[in-house]
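Descriptive structure summary
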There are 2 protein chains.
Amino acid sequence: MSEFLRFVSHQIEDFAMQVTFNPVEGTGTVVYNLSLVRVEDLEQTISVFRATCEAGVSPSSLIRILYAGEELDGFVIPQNFCGILTLCSTTLDGLLLQRGIPSNPIGGGVIEVAENIPKRFTHLIKYEYTTIDPLQVLVSQEITSVHQVMKHGNGSILGNIRECHMEAEDDVEEVLDELTEGYFTGILDLGLPNTPCLGVAVDPQYMGLAALGGTNWMAALREEGISVTMQAMKGLCDISTMEFVSQL
Amino acid sequence: MSEFLRFVSHQIEDFAMQVTFNPVEGTGTVVYNLSLVRVEDLEQTISVFRATCEAGVSPSSLIRILYAGEELDGFVIPQNFCGILTLCSTTLDGLLLQRGIPSNPIGGGVIEVAENIPKRFTHLIKYEYTTIDPLQVLVSQEITSVHQVMKHGNGSILGNIRECHMEAEDDVEEVLDELTEGYFTGILDLGLPNTPCLGVAVDPQYMGLAALGGTNWMAALREEGISVTMQAMKGLCDISTMEFVSQL
């Protein structure tokens with residue numbers, strides 16, 4: 001449509017098609033988000049990230065820390081900053097594509113949680129109609145309450161949703177079973193065919209699949225007043241270059 | 001489509017239909033954005049706002065300042081903060097609707113400016129597919145260079161675009177003529193029918209109309225390191241309750 005504008009749905013496809021992640025073996029290529037925090041905030045950053053993983057609001061506890069001067073995909077970490085690589089949930093879309101499951105990324109937004117149950121999207125930006133990642137912009141809007149969700153099971157977190165063809169239901173469930181092992185968890189809801197998933201409509205013959213945003217720990221960090229800048233879907237890396245935060 | 005989600009295109013219509021603004025007489029109801037700055041930043045805030053008006057990157061120099069404790073539409077300005085009311089460009093959509101010009105808000109985004117000429121949108125979020133205002137989220141993304149545009153005529157500013165029916169071209173031009181008087185200026189480009197406007201495609205029989213975002217002064221303020229939070233399309237007020245920044 002518009003000559004120069006690259007919408008996020010296409011950026012997701014670009015990355016998804018390069019994912020070779022095998023969730024059973026814990027090998028292959030995954031998509032990462034890159035965040036920058038000040039060096040003096042590193043310790044608190046890791047502690048917040050760990051807490052979000054333990055509370056189940058981060059989809060993966062894999063992390064990699066880069067220090068000032070280190071380079072990754074042509075980007076050099078600036079002086080006085082640390083780079084934090086964490087898993088981007090586009091990795092899940094890559095996995096679906098890899099298995100031949102027809103799926104369309106729908107969008108990212110804010111999900112209301114009540115008594116630890118994800119209830120519905122209260123905000124949504126659709127991938128096909130934005131050139132900037134929804135969760136990247138929403139993380140700075142002070143509309144989450146990740147700490148409340150972690151402490152009391154009530155509040156708002158970031159999440160995303162895609163739809164999968166209903167005839168591929170068995171394959172989807174196979175993928176989800178493999179994911180419970182811990183490299184990438186964070187599936188919030190698999191909707192019924194032809195039925196809204198967490199309040200978001202799906203196309204005929206499709207079912208919604210909602211997952212935790214990889215950005216919830218940054219929202220939690222901001223809620224604590226710590227400054228963090230991030231780029232969603234910054235690049236691809238081999239999962240072996242990352243480690244579980246519990247092993248740090 | 002989705003039961004609980006209210007997309008911005010509908011929020012725009014809600015407000016636009018209540019606009020009674022008469023740009024020749026400078027009377028009637030307009031849509032405002034509300035920003036909050038710390039009291040100690042008020043002086044610099046006004047000076048930045050004034051500079052953006054003089055440089056032509058703010059669509060209107062009308063402003064109203066609210067102090068801690070003052071209430072507007074049920075919102076009370078918190079302690080240690082000032083509220084800044086400025087014109088929202090939804091006022092323009094209201095004006096088009098008032099005149100019976102068929103128009104559809106398309107979206108908000110980032111516009112590249114070269115030698116003082118707006119060239120093209122480099123980012124866009126479409127109103128119909130987001131529940132949160134595009135410019136409200138983009139203002140915090142560090143992707144503008146409003147000061148560079150003001151100083152050197154090159155950089156990136158925030159803007160929005162709607163499409164108007166080509167058969168209403170005369171009416172659109174009449175509105176634009178009336179707007180040159182100064183209550184609300186900031187039209188960036190009126191495209192040709194059936195032709196992309198600043199790189200954004202329009203529907204058949206429509207022409208694009210791009211305008212400056214009312215949020216450029218906030219982007220400029222953030223570029224100076226001053227913290228500002230804002231709510232786009234916060235409400236409606238009588239234009240007589242605002243004054244030109246030059247008269248402050």
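Everything in this summary refers to the structure shown in the same document. Every value quoted in this text rests on a predicted model; they were computed, and no experiment measured them. (Residues numbered from 1 in each chain as written. Chains lettered and ligands numbered in written order. Predicted model: local features only at pLDDT ≥ 70, side-chain atom pairs only at ≥ 80, totals over all residues. Heavy atoms only, no water.)

Examining the overall build of chain A
Helix and strand counts for chain A come out as 7 helices and 12 strands. Taken along the three principal axes of its C-alpha coordinates, chain A extends 50 × 40 × 40 Å. Long-range contacts, defined here as pairs at least 24 residues apart, represent 73% of the contacts in chain A between residues at least 6 apart. Total accessible area on chain A is roughly 10100 Å²; 45% of this is exposed by carbon and sulfur atoms. A distance of 7 Å separates the average location of the 12 positive side-chain charges in chain A from that of its 33 negative side-chain charges. (Helix = DSSP H or I, 4+ residues; strand = E, 2+ residues; numbered from the N terminus. Contact = heavy atoms within 4.5 Å. Areas by Shrake-Rupley, 256 points an atom, 1.4 Å probe, with all protein chains shown as cover. Lys, Arg positive; Asp, Glu negative; His and termini not counted. Charge placed at Lys NZ, Arg CZ, Asp CG, Glu CD.)

A short note on the layout of surface pockets
All names here are of chain A. Considering only enclosed or pocket space, the second largest pocket measures out at about 260 Å³ in volume. As for the second largest pocket, its lining consists of 12 residues, and the residues nearest its centre are Ile106, Lys126, Glu128, Glu163 and Asp203. Counted by class, the lining of the second largest pocket contains 7 nonpolar, 1 polar and 4 charged residues. (1 Å grid on protein atoms, 1.4 Å probe; cavity = no way out; pocket = protein on both sides within 12 Å on 5 of 7 lines; lining within 4 Å. Points joined across faces, edges and corners; volume = space filled by probe spheres on them. Nonpolar A, V, L, I, M, F, W, Y, C, P; charged D, E, K, R; others polar.)

Some thoughts on the side chain of Thr144 of chain A
Of note, Thr144 of chain A is situated in the loop between helix 4 (134-138) and helix 5 (146-152). For Thr144 of chain A, the side chain forms a polar contact with the side chain of Glu223 of chain A, separated by 2.9 Å. (Polar contact = N/O pair within 3.5 Å; in protein donor to acceptor, adjacent residues only side chain to side chain.)

Focus on the nonpolar core
Among the nonpolar cores identified, the biggest contains 94 residues, and Phe121 of chain A together with Phe121 of chain B are the most heavily contacted of them. When neighbours within four sequence positions are excluded, Phe121 of chain B is seen to be in contact with Leu5 of chain A together with Gly109, Val110, Ile111, Gly159, Asn160, Ile161, Cys197, Leu198, Val200 and Ala210 of chain B. Counting residues in each nonpolar core, the second largest holds 37 residues, with Val31, Leu66, Leu95 and Leu209 of chain A among its members. (Core = buried A, V, L, I, M, F, W, Y, C linked by side-chain atoms within 4.5 Å. Buried < 20%, exposed > 50% of the residue type's maximum accessible area, 1.4 Å probe, protein only.)

Let's talk about the packing of helix 1 (residues 8-16) of chain B against helix 3 (residues 90-98) of chain B
Residue and element names in this part refer to chain B. Packing of helix 1 against helix 3 brings their axes to within 8 Å, and their N-to-C directions diverge by 65°. Crossing handedness for the pair helix 1 and helix 3: right-handed. For the pair helix 1 and helix 3, contact is made by Ile12, Phe15 and Ala16 and by Thr90, Asp93, Gly94 and Leu97, respectively. Its residues assigned to classes, the contact of helix 1 with helix 3 shows 4 nonpolar, 2 polar and 1 charged. (Axes fitted to C-alpha atoms, helices over the stretch in contact; angles between N-to-C directions. Left-handed = near helix turned anticlockwise from the far one by under 90°.)

Focus on helix 2 (residues 42-55) of chain A
Residue and element names in this part refer to chain A. In this model, helix 2 (14 residues) spans 20 Å end to end at C-alpha, consistent with the 20 Å of a helix rising 1.5 Å per residue. Taken together, the buried positions of helix 2 are occupied by Leu42, Thr45, Ile46, Val48, Phe49, Thr52 and Cys53. Along the long axis of helix 2, the arc covered by the buried residues comes to 160°, so they all point the same way. Exposed residues lying more than 90 degrees from the buried face of helix 2 are Glu43 and Glu54. Among the structural elements, strand 1 (29-38), strand 2 (62-67), strand 5 (81-87), helix 5 and helix 7 (216-223) are those in contact with the buried residues of helix 2. (Expected span 1.5 Å × (residues − 1). Arc of directions from axis to C-beta.)

Things to note about helix 2 (residues 42-54) of chain B
Helix length check: helix 2 of chain B (13 residues) gives 18 Å between terminal C-alpha atoms against 18 Å at 1.5 Å per residue, within 8%. In the core, the buried residues of helix 2 of chain B are packed alongside strand 1 (29-38), strand 2 (62-67), strand 5 (81-87), helix 5 (146-152) and helix 7 (216-223) of chain B.

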